[in-house]
Protein chains: 2
Amino acid sequence: MQAVILAAGLGHRLYPFTKFCPKGLLKVAGRELLFRHLYLLTKEGIEDFVLVVNTHNKKAFEDFLRKHPFPVRLVVNPFPELGNGYSLLVAKDLVTETFILTMSDHIYEPAFVKEAVRGQGLIYDPKARFVDPGEATKVLCQNGRVKNIGKHISNYSGFDTGFFVLTPEIFLVAEELARKKEPFSLSTVVQQAALPCTPIEGYFWMDIDTPEDLKKATRNLLSCSVKGRGDGLVSRLLNRRVSTWCSARLINILSPNQATLFTFLLGLLAALVTYWWPRWGIALYQLSSMLDGMDGEIARASLRTTAFGGWLDSVLDRVVDFAFLFFLSFHVPWSDPKVFVAICWAIFGSLMVSYTTERFRGAFGQDAYTLLHPLRFWPGKRDERVFLCFVLGWWGKFIWIFVLLAFITNLRVLFTLVLVWRTHGKV
Amino acid sequence: MQAVILAAGLGHRLYPFTKFCPKGLLKVAGRELLFRHLYLLTKEGIEDFVLVVNTHNKKAFEDFLRKHPFPVRLVVNPFPELGNGYSLLVAKDLVTETFILTMSDHIYEPAFVKEAVRGQGLIYDPKARFVDPGEATKVLCQNGRVKNIGKHISNYSGFDTGFFVLTPEIFLVAEELARKKEPFSLSTVVQQAALPCTPIEGYFWMDIDTPEDLKKATRNLLSCSVKGRGDGLVSRLLNRRVSTWCSARLINILSPNQATLFTFLLGLLAALVTYWWPRWGIALYQLSSMLDGMDGEIARASLRTTAFGGWLDSVLDRVVDFAFLFFLSFHVPWSDPKVFVAICWAIFGSLMVSYTTERFRGAFGQDAYTLLHPLRFWPGKRDERVFLCFVLGWWGKFIWIFVLLAFITNLRVLFTLVLVWRTHGKV
């Protein structure tokens, strides 16, 4: 399939942002809007892009494409003032088959694009949660076709997402409208063509019109980049709020792996501090746990997830967990056999909670939390363990940390063993 | 693609084995020869099988196919005494395209079948390591075609593997030979047709002619079922010899997961015995390590590998390793801070060696030992760790076990970290 991306708009409303940089090259969560379109559509199998630009912004796009060599052909719309309907028409000669049409100033989460490319005609969102209903373009669908479209219609089925799956016949409609030599918008083309329409809801998407939109888009992208399946209660209620807040501020500064290293060093520092001032060490450990989600959020929001990043994060988390328990053990009477036993089993169990689920992914090729649903609700995940250490440690109940960890983690491992056996095993 | 399997032979030489059971239903390493053909060819995409049987053994095959519902059509050869050339001809009306032809009394390792289905004509093995050159059928190839074939030719290019990739034209040749109303063998058909020939070497295959062949086949199958990539020095030199010897004797008795449970219980017993009689515990631990390969060998040789089996084996190995170190620690002065440190780090490192490589598979979807070649030669793998415990423990140097394990395992983890970073990472 081909894709046409319209980027010939003049972007007055985002001035001064767009003085030197066209709208499509503004960055949200560390990536240009255009990069997101090209990256996500390429993943859905699109191998031929047509980018419609204007004479002013052409050079900026050419520079971008030298840095990011996607298979894009540029076409200049010599009359951008004729509206985005005319911009579509400019792409006509380069399009030969069913194609995706989208706007360079829109942003979509990956799952939206995945579903939208399988739709037909105009993709609309019945319940857009992230757009301003007063500002957005609305669509009225009847019998599966566009009946009315506009910003000011009162009776509507949903909101125009700026994402279309079209056939080349659309150009005939645009040509007819162009004959009047007057500006015409894409909405007019869509209405004239009585396009089919496909509803898609529940995903984040929006168009970027004002400088505030840029910040709002970053925040929303980060929220939907929370992986969450392996999150415990503490993560959902506390850690994720802190980490997404920080991610929004650091996403243009830290790469995902730098974020991993940063929380690792903070965790290691926490473990060392624990040796001398256990309470402060435990507080730092909790802080590092609250920031632990940042690397994944930054990676997903800025489309930079890597297998290496996932691996490194997991391995370093285990090192921090061990280092913390190791240094904390000097604050309990470890020469007492009972305490010694608790320390050994707490270290073993803390590692094994992660080992059993990660090894599951290695064996079955799928995430343990997806296939083993009850695991999500059984206590003992890392965020909960660290929080338990924090609460007990702040009260000075160091021995209890080891005793409770030994029980909770090893019970969780046993539960995992039984669960995997019952769902996936036979002797 | 289709496949024709010839099973109409009378099997005199394997009498009394074949009195109640046709040759193709004899079991090698826990699986009927026919099951192996059907299973391995199905994995290569074959979806339509024609099985040529005789009037005597038809019922046995029908019973087998009720238990194992592969897409097989049975055809009876009413005149098996006319030779296996005539058996091929019987399949004629059911074959419409390029097809695989193979003999029910042959056995091939999976890698052979994978490569052979991509060959052409007669597949021959220039250097068959597992067949008796005096007994085997030899082939002379000239200019890529069969020139001569027979048991007693002196000038030959290799050995007939009994595996063919044919086109339906072969039936014309067989029909012509059948007109003489005399017995004719497949070899005659092959020579008459001047089939193309493809050499494939380095894999285990053989035909089953005598009762001794059954045992020999089991042994050889087990040898080529040793996975080996993650094996350390001790495994290659010692453990695998013991485990394959035992596997050959137990493969018809134990399922792979039963073997896993057996070595787990033995390991757990070893750990417990260590608490009271450390030397005997350590010896048992080494014994369980020597038998640890059995589950994988049995699973691969009997075509019963499962994701669950791999997962269970890994998790239970970690439990045994921890339990052993835990109980051994009561024989060292663990209230001495230095010894306490060594115990903690030995437990952590032993688990992390496995965690880092298993998490690698989870992240990258591929075996760590395949992608990270140097890891194979760096010390610290389980077989080596257990052997180190055994040697030091038998001499009573228990403290040294913890000290050396702490160093060796954590150095290996560090090495893995650096290696993965350099080969797969960027910040």
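Conventions and cut-offs
Residues numbered from 1 in each chain as written. Chains lettered and ligands numbered in written order. Predicted model: local features only at pLDDT ≥ 70, side-chain atom pairs only at ≥ 80, totals over all residues. Heavy atoms only, no water. Salt bridge = Lys/Arg side-chain N within 4 Å of Asp/Glu carboxyl O. Helix = DSSP H or I, 4+ residues; strand = E, 2+ residues; numbered from the N terminus. Buried < 20%, exposed > 50% of the residue type's maximum accessible area, 1.4 Å probe, protein only. Contact = heavy atoms within 4.5 Å. Arc of directions from axis to C-beta. Least-squares fit on C-alpha atoms with pLDDT ≥ 70 in both. Polar contact = N/O pair within 3.5 Å; in protein donor to acceptor, adjacent residues only side chain to side chain. Domains from an automatic or database assignment. Buried area = accessible area lost by both parts, 1.4 Å probe. Nonpolar A, V, L, I, M, F, W, Y, C, P; charged D, E, K, R; others polar.

**Q** I would appreciate a short explanation of the pattern of salt bridges in the present structure.
**A** When the charged atoms of two side chains with opposite charge come close together, those side chains can pair. Residues and elements named next belong to chain A. Within this structure, the stated rule accounts for 38 salt bridges over all chains. Here aspartate 63 and arginine 66 are joined by a salt bridge, their closest N and O atoms 2.5 Å apart. With aspartate 63 and arginine 66 both in helix H2 (residues 58-67) and 3 residues apart, the pair spans about one turn of that helix. With a relative accessible area of 62%, arginine 66 lands in the exposed category.

**Q** Looking at this structure, I do not really get helix H7 (residues 211-223) of chain B. What am I missing?
**A** Because the α-helix completes a turn every 3.6 residues, residues three or four places apart line up on one side. Buried residues of H7(B): B:Asp213, B:Leu214, B:Ala217, B:Thr218, B:Asn220, B:Leu221 and B:Leu222, and no others. Considering only its buried residues, H7(B) is in contact with strand S2 (27-28), helix H1 (33-43), strand S7 (106-108), strand S13 (205-207), helix H8 (233-250) and helix H11 (294-301) of chain B.

**Q** Sorry, what's going on with helix H5 (residues 170-178) of chain B here?
**A** Residue and element names in this part refer to chain B. Listing the buried residues of H5 in full gives Ile170, Phe171, Val173, Ala174, Leu177 and Ala178. Each buried residue of H5 sits inside an arc of 155° when the element is viewed along its axis, so together they form one side. Every exposed residue of H5 that faces more than 90 degrees away from the buried side is listed here: Leu172 and Glu176. Those residues of H5 that are buried are in contact with helix H3 (84-90), strand S6 (99-103), strand S11 (158-166) and helix H6 (186-193).

**Q** Would you take a moment to explain the relation of the copies chain A and chain B for this structure?
**A** Two chain copies here: they are related by a rotation about an axis and a translation along the same axis. Overlaying chain A on chain B yields an RMSD of 0.1 Å, the required transformation being a rotation through 180° with an accompanying axial translation of 0.1 Å. Here the copies are linked by what is in effect a two-fold axis. By residue overlap, the copies meet face to face through one surface: 100% of the interface positions of chain A are interface positions in chain B.

**Q** How should I be thinking about the interface of chain A and chain B in this particular structure?
**A** Often, the extent of an interface is quoted as the loss of accessible area on bringing the components together. Each side of the interface is counted separately: chain A has 49 residues, and chain B has 49 residues. For the interface between chain A and chain B, the tally reads 2 salt bridges. Of the charged contacts, one joins A:Arg359 and B:Glu358 as a salt bridge, the two residues approaching to 3.0 Å between their closest N and O atoms. Seen at the junction of chain A and chain B, the total is 12 residue pairs in polar contact (both at pLDDT 80 or more). Mapped onto the side of chain A that touches chain B, the elements with two or more residues apiece are helix H9 (256-276), helix H12 (307-328), helix H13 (337-364) and helix H16 (398-424) of chain A.

**Q** Sorry, what's going on with the domain arrangement of chain A here?
**A** Residues and elements named next belong to chain A. When its domains are assigned, chain A resolves into domain 1 (2-210) and domain 2 (225-424). Relative placement of domain 1 and domain 2: their C-alpha centres are 43 Å apart. With 8 residues of domain 1 in contact, the opposing surface of domain 2 contributes 6 residues. Contact with domain 2 buries area across many residues of domain 1, yet Ala29, Arg31 and Tyr39 alone supply 60% of it, more than any other trio. Taken together, domain 1 and domain 2 are joined by 0 salt bridges. At the boundary of domain 1 and domain 2, one finds 3 residue pairs in polar contact (both at pLDDT 80 or more). For the side of domain 1 that touches domain 2, a count of residues per class yields 5 nonpolar, 1 polar and 2 charged.

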